[in-house]
Amino acid sequence: MLRKIVIGVVGVGVVVTGAMWAAATYFLDNATIAEQLKKETAQRFNRTLVFQGELQTKFFPKIQIVLPPTTLSFEGSDKPQFTLNGAEVGVAVLPLLKGDVQFDAVVIDGLKGQVNVSRFLKKIHERPTQEADSQTVTINESEKNNANQDSSFIKNLEVASLEIRNAALTAYGLQSQKVYAVDSLNLSTGKLGLSGTTPVKFSTRFAEKTQGLSGQVAFNSTVAYDIKTMSVSMEKPSITVSANQKEQSISAEVKANLLKYASKDVLAQGANITAKVNDVSVMGIFNSAETKQMQTWSLEGLNVNVSQADTVKANINGDFAGEIEAFSLQSKKLGGNVQANLGHAVLQVPFNGQVSMTPGEKVDLKLKGKLDNSPWESEVELVGFNVPTINGYFTLDSFVADKWLKVSGQETKKVSSSTVSVISQAYAASTSNLDVLNRANGRFGIHVNTLKYQGLTVSNFDTTLSLSKGVLSFNNLLANACSGTFSGKGQINTAEKWSFDLNAKGVDTQALMQALGSEAKLYGKANATVKLAGLGLEKTALLKSANGQISVSANNAVLKGLSLEKVGNAVKAKKVTGLIMKDEDQTRFSILSASVNISNGVLNIHSLDGKTSVAEVKGNVTVGLIDESLSGLITAKLATSVDGRRISVPIKLGGTIQAPSYGIDLEATLKAGVKDVIKEATKDPKKIIQGLEKLFRH
């Protein structure tokens, strides 16, 4: 059908040109032709045609028209809609007699215009259909005869070359008033005809003005074509594209050995694609891509490599096929590898599986592979591409985290600091936004059989992630670690505002503290409830903003580095010197509990209660989460009797979490005890002598 249209248009053009030639030769001059064209344009189209110079025509040995700078107005207006710097077209006269149409070089310079696409389409839709119906009947009845007449009228068609220079077009009125524009459009070809081979070069700049999108595209190839069979093939085509939008930039280049369109099907062979999106680079090749009867498509030998700033690399390869009309995709083979450069080590994750896409923007992905030689698998369902809904799960057999996390050298023990500069720097830590949480919705289950970090082993880790309206929730979190069980929930939003509730039962405190990199000072099985909230994920922001409550209790706990039994013996022996605590000293608590508040970077143990065989312990402790300072006062009421009385020993805490210090003033304790005895004795004069004896005994 397109072949008939091309031949018909050329035929009509030749006839009209011939008629103009005959009439102009005998009756018309250039000025008369120009005035007649203006008149016809005004009467038929209600537009104003202006020639800003002399219209030039020649009639022998060729019919030639040279347009000067020209403008064509909007309908019913004098405002220009299209402008033209100039154009030139000519056709030889004598060859027309034998059906040989030979055009000179066709040149169109500086064609620029504006089109209201919605109004244009509306006019086409409102056009009466009777004329079109009658034309369709006529064409159907005489299609074969017309085809024969066209082919017999035009024996040959040649255009020396076609050149379009510096053209531009602005289209508006579509997609919520978006404005699309092309400018600096240039097109050049070699010799053209009904069939043949010609070089083609094309380039243009483009923009979508309401979104700040701009870019350019260029094409270069040698094109072989045949209008009769409607076939086109391009040898070694090259296409380059670049675009910018706000702070985003993209560039791409496509090269191929062959691109071909024939019998309504497309074939591409040996294509090579390179692209760069900001700091992400993409390189891809495929062996062949083709359509069959414009109903199905296939892509063979795809291999794509993606890298980001030498930190993350990924490879995807496979074969794919699908349908065209209701676009679909199904992988026949899919595999690849993800590689992460962690600085001190390189983590590789090979995978394979399958992917399918069906109409309605629905994608199903099933993958499995290995992470550090441990098997994993995942299934994902994605619906919608703008703000997708993602549902699925991920399972992993085991993972050793500290193998891939960089371990720093031995840290120097920290000391308490109260300088203004340290605190001001800490509190100046800023937070960022997690805008990525607005880009999807869905639910995703995660299960890891074994997770190891240094001395900490977490088993049967389970949680369900749900993402909705910019809020990521961790639901039904379950795990086993340090001989205990953990359960809880949490959430975080785009502003990095987070909260979580956590319950722990039967946790081995020694294993937990060692796993967290601290020297174990407290041994035992503990239960805890934690309710915390804060703002920010960076360490300092997290510590300074965290607020909430923690309650901890433990039975049969052992505190290393402090022996209340030694203290009791020293008090009983009334020895104020020689009391030295060693690392192997310890105190066993039958019951130990604490209530904690966290706020403004400070952990406040406001209620500490414990019971041992030698003392009852109460007190409060303050811990600086940012500078790790430690301070507090613990009172141990000894079960040891001194002259029939129980003594309370104050223990002052100081130093840091890593290097705590204990201050015990036994002399003051003993004297305070004796004073209490004397005070009590004054109530009974008979006991004054006994009280004095006790005082001198000290």
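Residues numbered from 1 in each chain as written. Predicted model: local features only at pLDDT ≥ 70, side-chain atom pairs only at ≥ 80, totals over all residues. Heavy atoms only, no water.

A word on the overall build of the protein
Keep this limit in mind: Numbering of helices and strands starts at the N terminus; helices are DSSP runs of H or I of at least 4 residues and strands are runs of E of at least 2. Any residue under 20% of the maximum accessible area for its type is buried, any over 50% is exposed, and the rest in between are partly exposed; the area is computed with a 1.4 Å probe on protein chains only. Here a residue-residue contact requires only that any non-hydrogen atoms of the pair lie within 4.5 Å.
Scanning the protein from N- to C-terminus turns up 10 helices and 40 strands. Considering the protein as a whole, with its 698 residues, one finds that 32% of them fall into the buried category. Residue pairs at least 24 apart in sequence account for 46% of intrachain contacts in the protein once pairs closer than 6 positions are excluded.

A few points about the pattern of salt bridges
What counts here: For salt bridges, the criterion is a side-chain nitrogen of Lys or Arg within 4 Å of an Asp or Glu carboxyl oxygen.
Scanning the model with the defined rule gives 11 salt bridges in all. Measuring nitrogen to oxygen at the nearest pair gives 3.6 Å for the salt bridge that ties Glu-158 to Lys-191. In this pair, Glu-158 sits in strand 10 (residues 156–159) while Lys-191 sits in the loop between strand 12 (178–189) and strand 13 (192–193), placing the two residues 33 residues apart along the sequence. Residues Arg-165 and Glu-163 are paired through a salt bridge, measuring 3.4 Å at the closest nitrogen-oxygen approach. Relative accessible area serves as the criterion here: at 29%, Glu-163 is assigned to the partly exposed category.

So, the confidence of the model for the protein
Rule in force here: The predictor rates its confidence in each residue with pLDDT, a number between 0 and 100.
The pLDDT averaged across the protein works out to 81; a share of 79% of its residues lies at or above 70. Counting interchain partners and residues more than four positions distant, the pLDDT-below-50 stretch residues 134–139 has zero contacts. In the model, residues 147–151 has pLDDT below 50 throughout and makes two contacts with residues more than four positions away in sequence or in other chains.

As for the pairing of strand 32 (residues 497–508)
What counts here: In this scheme, strands are said to pair when DSSP sees at least two bridges between them.
Judged from the eight bridges that link them, strand 31 (residues 484–493) and strand 32 form a sheet pairing that is antiparallel. The partner of Ile-492 across the bridge, within strand 32, is Trp-498. The turn linking strand 31 back onto strand 32 is made up of three residues, and Glu-496 within it adopts a positive phi angle of 65 degrees. The sheet contact formed by strand 32 and strand 33 (residues 522–535) spans 10 bridges and is antiparallel. Bridging across to strand 33, Asn-503 finds its partner in Thr-529.

A word on the nonpolar core
The condition that has to hold: Among buried residues, the Ala, Val, Leu, Ile, Met, Phe, Trp, Tyr and Cys ones that are joined through side-chain atoms within 4.5 Å form a nonpolar core.
Of all hydrophobic cores here, the largest spans 40 residues; its most connected members are Leu-564, Ile-598, Ile-605, Val-621, Ile-634, Val-649 and Ile-651. Grouped together as the second largest cluster of nonpolar side chains are 28 residues, Leu-302, Leu-329, Ala-401 and Trp-404 included.

A short note on the packing of aromatic side chains
Convention followed: Centres within 6.5 Å are what make two rings of Phe, Tyr or Trp a pair, Trp counting through its six-membered ring; a difference in plane orientation under 30 degrees is then read as stacked, over 60 as edge-to-face, and the rest as tilted.
Enumeration according to the criterion identifies three aromatic pairs in this entry. With centroids separated by 6.0 Å and ring planes inclined at 20 degrees, the aromatic side chains of Trp-498 and Phe-500 adopt a geometry described as stacked.

Here we look at the environment of Thr-358
Along the polypeptide, Thr-358 turns up in strand 24 (residues 346–358). Separated by 36 residues in the primary sequence, Thr-358 and Gly-322 have C-alpha atoms spaced 9.2 Å apart.

A look at a nonpolar patch on the surface
This is how it is decided: For patch building, the residue pool is restricted to those with more than 30% relative accessible area and no salt bridge; the joining distance is 9 Å between like charges and 5 Å between nonpolar side chains (Val, Leu, Ile, Met, Phe, Trp, Tyr). Here the accessible surface of atoms and residues is derived via Shrake-Rupley with a 1.4 Å probe, and residues count as covered only by protein chains that are part of the display.
Taken together, the side chains of Met-230, Val-232, Tyr-261, Val-266 and Met-294 present a nonpolar region at the surface, about 350 Å² in accessible area. With a relative accessible area of 32%, Val-232 lands in the partly exposed category.

Regarding the side chain of Asn-30
Keep this limit in mind: Counting of polar contacts relies on pairs of N or O atoms within 3.5 Å, with two restrictions inside protein: one atom must be capable of donating a hydrogen and the other of accepting it, and residues adjacent in sequence are counted only when both atoms are side-chain atoms.
Mapping Asn-30 onto the fold places it in helix 2 (residues 30–45). Only 3.4 Å separates the side chain of Asn-30 from the backbone oxygen of Leu-55, close enough to count as a polar contact. Of the polar contacts made by the side chain of Asn-30, one reaches the side chain of Thr-57; its length is 2.3 Å. Those residues within four positions of Asn-30 in sequence are excluded, and the remaining contacts are Glu-54, Leu-55, Gln-56 and Thr-57.

Some words on the pairing of strand 36 (residues 602–612)
For strand 35 (residues 586–599) and strand 36, the ladder comprises 10 bridges, and the chain directions are antiparallel. By the bridge assignment, Ile-598 is partnered in strand 36 with Leu-603. Taking the residues between adjacent antiparallel strands as the criterion, strand 35 and strand 36 are bridged by two residues, where Asn-600 takes a positive phi near 55 degrees.

A look at unusual backbone geometry
The phi dihedral of Asn-373 is positive, around 65 degrees, even though this residue is not glycine. By secondary structure assignment, the location of Asn-373 is in the loop between strand 25 (362–371) and strand 26 (374–383). By relative accessible area, which is 68% here, Asn-373 ends up exposed.

Concerning helix 2
Rules: A helix's residues, less one, multiplied by 1.5 Å, set its expected span. Relevant arc is that of directions from the helix axis to the C-beta atoms, nothing else.
Relative to the 22 Å expected for 16 residues at 1.5 Å per residue, helix 2 spans 22 Å between its end C-alpha atoms, a close match to the ideal helical length. Where helix 2 is concerned, the buried positions are Asn-30, Ile-33, Ala-34 and Thr-41. For helix 2, the buried positions fall inside an angular range of 100 degrees around the axis, keeping them on one side. Of the exposed residues in helix 2, the ones pointing more than 90 degrees away from its buried face are Ala-31 and Gln-43.

A short note on the environment of Ile-273
Inspection of the secondary structure assignment puts Ile-273 in strand 19 (residues 265–277). According to the relative accessible area criterion, Ile-273 is partly exposed, its value standing at 32%. Spatially, the C-alpha atoms of Ile-273 and Phe-286 are 8.8 Å apart, while their sequence positions differ by 13 residues. Not counting residues within four places of it along the chain, the set of residues in contact with Ile-273 comprises Glu-253, Val-254, Val-282, Met-283, Gly-284 and Phe-286.

What about the environment of Ser-118?
By the element assignment, Ser-118 lies in helix 3 (residues 117–126). The sequence separation of Ser-118 and Ala-171 amounts to 53 residues, and the corresponding C-alpha distance is 9.4 Å.

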